[in-house]
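Survey of secondary and tertiary structure
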Amino acid sequence: MVGIVVVSHSRALAGAAVALAAEMVHGQDVRIEVAAGLDDGSFGTDAVAVADAVARADDDSGVVVLMDLGSAVLSTETALELLDDDVRDRVVLCAAPLVEGLVVAVVAAAGGADRNEVAAEAADALAAKQSQLGLGEPAAVATEIAAPAPSAPPRPGADDGQVVATFSVGAPHGLHARPAALLVQAVRGHDVTVELRNLTTGAGPVPAASLSRVATLGALRGHEVEVRATGEQAREVVDDVLALAADGFGEGAATAAATAPEPAAAVEPAAIPENAEPVAASPGIGIGPAFALRQTVPVVTEHDVPRGDPEGEWRAVSEAVDAVRTEVARVRATTARDVGGQEAAVFDAHLLLLEDPELLDDVRARIGAGSSAAAAWDGAATEVRDGFAALADPYLQARAADVDAVAGQVLRMLLGAADASAEGVAGVVIAADLTPAQAAGLDPELVVGVVLAGGSPTAHSAILVRARGIPAVVGAGPDVLDVAPGTVVAVDGTRGEIVVDPAPAVLAGLRQRAADLGRRRVAALSRASEPATTRDGVRVLVGANVGSVDDARAAAAAGADLAGLVRTEFLFLGRDQAPGVEEQVATYREIAAALGGRRITLRTLDVGGDKPLGYLPVAPEANPFLGVRGVRLSLARPQVLADQLLAVARVAREVPVNLMFPMVTTVEELAAVRALVDEALARDGGAPAPDLRIGIMVEVPAAALKAARFAPHVDFLSIGTNDLTQYAMAAERGNDALTRLADPLDPGVLRLVDAVCRGAGDDALVAVCGEVAADEAAAALLVGLGVRELSVSPPAVPGVKEAVRACDVAAAAELASRALDAEGAGDVRAMLHG
């Protein structure tokens, strides 16, 4: 039977209308769901509530939605974008008047009418009244809603077998490398010819199977792009492209990039701000001779003489491309393993460029015209690179560096020139920037420090350097590139300081500090498995943040007291559908076993907005960091959350489990997910799980300030300082230009941490699982504020435990009090290091 949803600004109005309609069917069971008013009792509509109501009303027969005022329509349209495609396809929005339309719709549904008939009957609900008043016939007001792909109907005059549609670009930086790569992948492998045209600028048409040509359309966010396909699979391909566009090509519709910028082979000094200030990126002190890492590309000209016949020259190109493809795939795998699948996706664009038919056809044509393999490749690649460089958008201009990186690898292979690999280098590496491949090749036994003219602590290269325990400073500015090779350089990756050619006394002091750090590191490792207890006897748990079973093993080896954060989304990424309950159970058990029975903190799926999943699409959002993400998405898609909670319920009866919900903002959200936990326990037999504890992540300033309201309902509050900082400081953490502003030690952020600790009182333990928890110098400050659990990357566990052991809680509280009254993060850091 067709379900009916009533969307109204007033719960009282909706309830009365439903009661009136129910009287018309004399107790027959018609599914009517209500999404009306706001949680605080005020007037309004909520898209998430509407989506939940539609999901409850649907049983594969379809749903008819009736709405009262204009913004109710907007909320409903937004709700549709939160639904699974198959549910969305069964929804009909009806513009009939709410009361009269509902009465007629209920009667029609009870009589067995299908969703279109129910909507049509409701649309005619005013016919009798209008006729009686002499107002004529009403206009049709029902519209069936299919998947909201941003398409247009085929244009008049289109050729037979041709499908034409348009989409609006929602990706934050337009069709740059990664979105263009997704589009090209959707087109390739089909028996179809596809062309794209930028209707906003008039650029094109270009072949959609060519990454280089697609990207040079210069299609920015908001531009309208026409897709024209010809062939037997034209409709299928166009639908795939439109679906990608609706999902923002995997990036949402943000106003800025959600993650660190794509790595390039090098950052030119001119691109680095002249007023750059060094930023700490990886703790420790390193002293050694400067090693300048430069990436140069051999110069070739069209006058270079071919060494063989055209087929031989083409064979040389093919072999070089194959060799580079193998190397890029290796780097991609390394990056996926060490950093993550999303970050590694940039290399998909590199691989596609190596297979670009337009580029390769151009190379072959140049060889046929008499060019050498190297000259042909260099000329064709330069044309692609120049196409990017000529674009007006600075972000797309910067993608020319990606072409340089891949094209340079092939050119060096053709000419027998060596790559600028970091393998085997020693001392302090100084570079404009590092690619993930170069960072992965650093040997901690030889490289004592890294200084980058550009970069960010959250960039791919910095993460890899930090994972290897090499002290590093980023954002040092272009002048650092002038340091002569062999010059003694000292790097303090804890304080973010660089000393070039230090005086003997300064050098001696730095070496003493480095030696002291080394001794402390050895002592920390020897006591890693012991509890972290302050000098005055207060126990502080030191856990590990893990994102895989291997991470859990590393955490156990490092002496972690627990898994303070298990990022369960690693199970959900890089696949076509969500993992089943049994797969999740098996993985959670593996993590628990790797930790030898220690408590594991399972964070429920934290995706959406800036971290989209293809099978859980959300509507393009102007700012995904403020969008449908974390618990908001989980409540909008309750089946995925229900399966995860069922898996957690089963594991929690076997091992100690903390269950943590991300991005919680209101007590109502917490109540909703706690109810779902109870349902999961009931589904799994109803027996209690005595070692299951419930908590939330505090990432939103409003949640921090309402900690006292959350505390009675949870066992713990875990502060995610990375997100809390970017929200409090209005500084996106992936934006290099705001690196110094997005500092978790800013007194404003610390006051939020203080508010959580004071609000929690004796009701809930307070943990910190953001990057600042791994800052050994900040341990006393956090303990002084009242934090009693720190969760860090596995390698940082021993050092953080030692830092806690050095604390006296009373002295730490006095330090915290002074830090809260400081003027800025710099003053706080001076206190910590003073």
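Here, the structure is the one placed above.
Description of the structure in this document. (Residues numbered from 1 in each chain as written. Predicted model: local features only at pLDDT ≥ 70, side-chain atom pairs only at ≥ 80, totals over all residues. Heavy atoms only, no water.)

**Description of the overall build of the chain**
If you tally the helices and strands in the chain, you get 33 helices and 24 strands. Pairs at least 24 apart in sequence give 72% of the contacts found in the chain among residues at least 6 apart. (Helix = DSSP H or I, 4+ residues; strand = E, 2+ residues; numbered from the N terminus. Contact = heavy atoms within 4.5 Å.)

**Focus on the sheet that holds strand β11 (residues 285-292)**
Paired through backbone hydrogen bonds, the strands of a sheet run either parallel or antiparallel to each other. The seven strands lie next to each other as β10-β14-β13-β12-β11-β15-β16, forming an open sheet whose pairing is mixed. Edge positions in the open sheet fall to β10 (279-282) and β16 (497-500), since each of these has one partner strand only. Within the sheet, the average angular offset between the axes of one strand and its neighbour, ignoring direction, is 30 degrees. Here helix α20 (residues 504-526) sits on the sheet and contacts β11, β15 (488-492) and β16; the angle it forms with β11, its principal contact strand, is near 120 degrees. (Pairing = 2+ DSSP bridges. Axes fitted to C-alpha atoms, helices over the stretch in contact; angles between N-to-C directions.)

**Focus: unusual backbone geometry**
Positive phi, close to 80 degrees, is recorded for D60, a residue that is not glycine. Exposure remark for D60: the relative accessible area of 59% places this residue in the exposed category. Positive phi outside glycine occurs at M663, with the angle close to 60 degrees. (Buried < 20%, exposed > 50% of the residue type's maximum accessible area, 1.4 Å probe, protein only.)

**Section: the environment of V473**
Within the secondary structure, V473 sits in strand β14 (residues 472-474). C-alpha of V473 to C-alpha of G449: the two residues are 24 residues apart in sequence and 8.3 Å apart in space. When residues no more than four places from it in sequence are discounted, the contact partners of V473 are P278, V279, A281, V450, V451, L452, V491, D492, G493, G496, E497 and I498.

**Overview of helix α33 (residues 825-833)**
Turning to α33, its buried residues are A825, V828 and L832. Projected onto a plane normal to the axis of α33, the buried residues spread over an arc of 60 degrees and lie on a single side. Contacts made by the buried residues of α33 are with α29 (747-760), α30 (779-785) and α32 (809-820). (Arc of directions from axis to C-beta.)

**Considerations on the sheet that holds strand β9 (residues 224-230)**
If you walk across this open sheet you meet the four strands as β6-β9-β7-β8, and the pairing is antiparallel. Edge strands, defined here as strands with exactly one partner in the open sheet, are β6 (162-168) and β8 (206-207). Bridge count between strand β7 (residues 193-198) and β8: two bridges; the pairing is antiparallel. Considered in β8, the bridge of E195 is made with P207. Relative to β6, helix α10 (residues 234-246) is tilted by about 0 degrees, and along the sheet it contacts β6, β7 and β9.

**Thoughts on the pairing of strand β13 (residues 447-452)**
Across the six residues of β13, five count as buried, placing the element largely inside the fold. Where strand β12 (residues 427-431) lies against β13, five bridges are found, and the strand directions are parallel. When the sheet's bridge partners are listed, I430 is paired in β13 with V451. Where β13 and β14 come together, two bridges link them in parallel fashion.

**Overview of α20**
Since the α-helix advances by 3.6 residues per turn, residues separated by three or four positions end up pointing in the same direction. With 23 residues, α20 should reach 33 Å at 1.5 Å per residue; the first-to-last C-alpha distance of 33 Å fits that figure. Restricting attention to buried positions, one finds in α20 the residues L507, L510 and A524. In this structure, the buried residues of α20 make contact with β11, β15, β16 and α31 (797-805). (Expected span 1.5 Å × (residues − 1).)

**Side note on the pattern of salt bridges**
For the structure on display, the rule yields 34 salt bridges. Ionic pairing is found between E311 and R364, a salt bridge with its closest N-O pair at 3.2 Å. Taken together, the positions of E311 in helix α11 (residues 310-338) and R364 in helix α14 (residues 357-368) put the pair 53 residues apart, joining distant regions of the chain. In this structure, the salt-bridge partner of R513 is D492, at a minimum N-O distance of 2.3 Å. Of this pair, R513 sits in helix α20 while D492 sits in strand β15, and the two are 21 residues apart along the sequence. Judged by its relative accessible area of 27%, R513 is partly exposed. (Salt bridge = Lys/Arg side-chain N within 4 Å of Asp/Glu carboxyl O.)

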